Amino acid sequence: MDETTSEPAGAHPHEPHTEGLASKLNWLRAGVLGANDGIVSTAGLVVGVAAATTDTGTIFTAGIAGLSAGAISMAVGEYVSVSTQRDSERALLAKEQKELREEPDFELAELAGIYEAKGLSPATARKVAEELTAHDAFTAHAEAELGLNPEELTNPWQAAGSSAVSFTLGALLPLLAILLPPVPLRIPITFAAVLIALAITGSVSARLGGSDRGRAMLRVVIGGALAMAVTYGIGQLTDVAGL
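Residues numbered from 1 in each chain as written. Predicted model: local features only at pLDDT ≥ 70, side-chain atom pairs only at ≥ 80, totals over all residues. Heavy atoms only, no water.

Asks: What's the story with the overall build of the protein chain in this structure? I'm lost.
Replies: For the protein chain, the helix and strand inventory stands at 7 helices and 0 strands. Listed by position from the N terminus, the elements making up the protein chain come as α-α-α-α-α-α-α. Residues counted as buried form 33% of the 243 residues belonging to the protein chain. Within the protein chain, residue pairs in contact and separated by at least 24 positions form 72% of the contacts whose partners lie at least 6 positions apart. (Helix = DSSP H or I, 4+ residues; strand = E, 2+ residues; numbered from the N terminus. Buried < 20%, exposed > 50% of the residue type's maximum accessible area, 1.4 Å probe, protein only. Contact = heavy atoms within 4.5 Å.)

Now the structure itself:
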């Protein structure tokens, strides 16, 4: 038997016990949503253009422009949003460090109070707080009081890159679906491909969030179908008007 394992007693080896699991699930969920945005927005754009013209170059240009603009917009938006969040997290952590330096006894009592409120007896809560403080006071207080791990703060560059990549991958599907088939089949095939892809992203999103899968799939499929129907109608009107 291997005695070198670092697994804690009673741990289940096949269950993820990493501290960053929730963060990773959030990023994965954001990636799925980014792909969904890429699918819907690009599909609506290329279907609308394809309803007005059969010129492949025009459709390709519109699709690439929409993909590029959407990916950049998503990346910039995520970068700004997550940078603001990271600045707030750093400010809270700096405040906690200052309090630990200036009022260590009060902070220890506060930490003990947190664990007592979770159901531990006063004596046990005090013991836990003392041991955690002796091991790493800053991390213990950051996690218990703020719900933050100082080593795992949100990364704006990671968020921006993830959003741009997921949007781009999602956008490629309707772009290829509208360009590759013969002209008479372009729109029907794009509709079918997009709705299938949206059903998949809806299912994955529901699984990650623990919600009802059928309802989530139905929402995104109806939303995507409506978006394409509206832009298709606009494209038809534009074509009829000769604009």
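Asks: I tried to follow the packing of helix 3 (residues 104-117) against helix 4 (residues 122-146) on my own but got confused; where do I start?
Replies: Relative placement of two packed helices is described by the angle separating their axes and the distance separating the axes. In the contact formed by helix 3 and helix 4, the axes pass within 8 Å of each other and the chain directions differ by 110 degrees. Taken as axis vectors, helix 3 and helix 4 run roughly perpendicular relative to one another. The two elements helix 3 and helix 4 meet at a crossing, and its hand is right-handed. Counting all contacts with helix 3, which are made through Glu107, Leu108, Ala109, Glu110, Leu111, Ala112, Ile114, Tyr115 and Glu116, the residues of helix 4 involved are Pro122, Ala125, Arg126, Val128, Ala129, Glu130, Leu132, Thr133, Ala140, His141, Ala144 and Glu145. Residue classes in the contact of helix 3 with helix 4 are distributed as 13 nonpolar, 2 polar and 6 charged. (Axes fitted to C-alpha atoms, helices over the stretch in contact; angles between N-to-C directions. Parallel < 35°, antiparallel > 145°, perpendicular 65-115°, else oblique. Left-handed = near helix turned anticlockwise from the far one by under 90°. Nonpolar A, V, L, I, M, F, W, Y, C, P; charged D, E, K, R; others polar.)

Asks: How should the pattern of salt bridges be read in this particular structure?
Replies: Side-chain pairs of opposite charge can arise whenever the charged atoms involved come near each other. Under the defined criterion, the tally for this structure stands at 4 salt bridges. In this structure, Glu102 and Lys98 form a salt bridge, with 3.1 Å as the shortest nitrogen-oxygen distance. In this pair, Glu102 and Lys98 are both assigned in helix 2 (residues 56-102), 4 residues apart and thus about one turn of the helix distant. We classify Glu102 as exposed; its relative accessible area is 52%. (Salt bridge = Lys/Arg side-chain N within 4 Å of Asp/Glu carboxyl O.)

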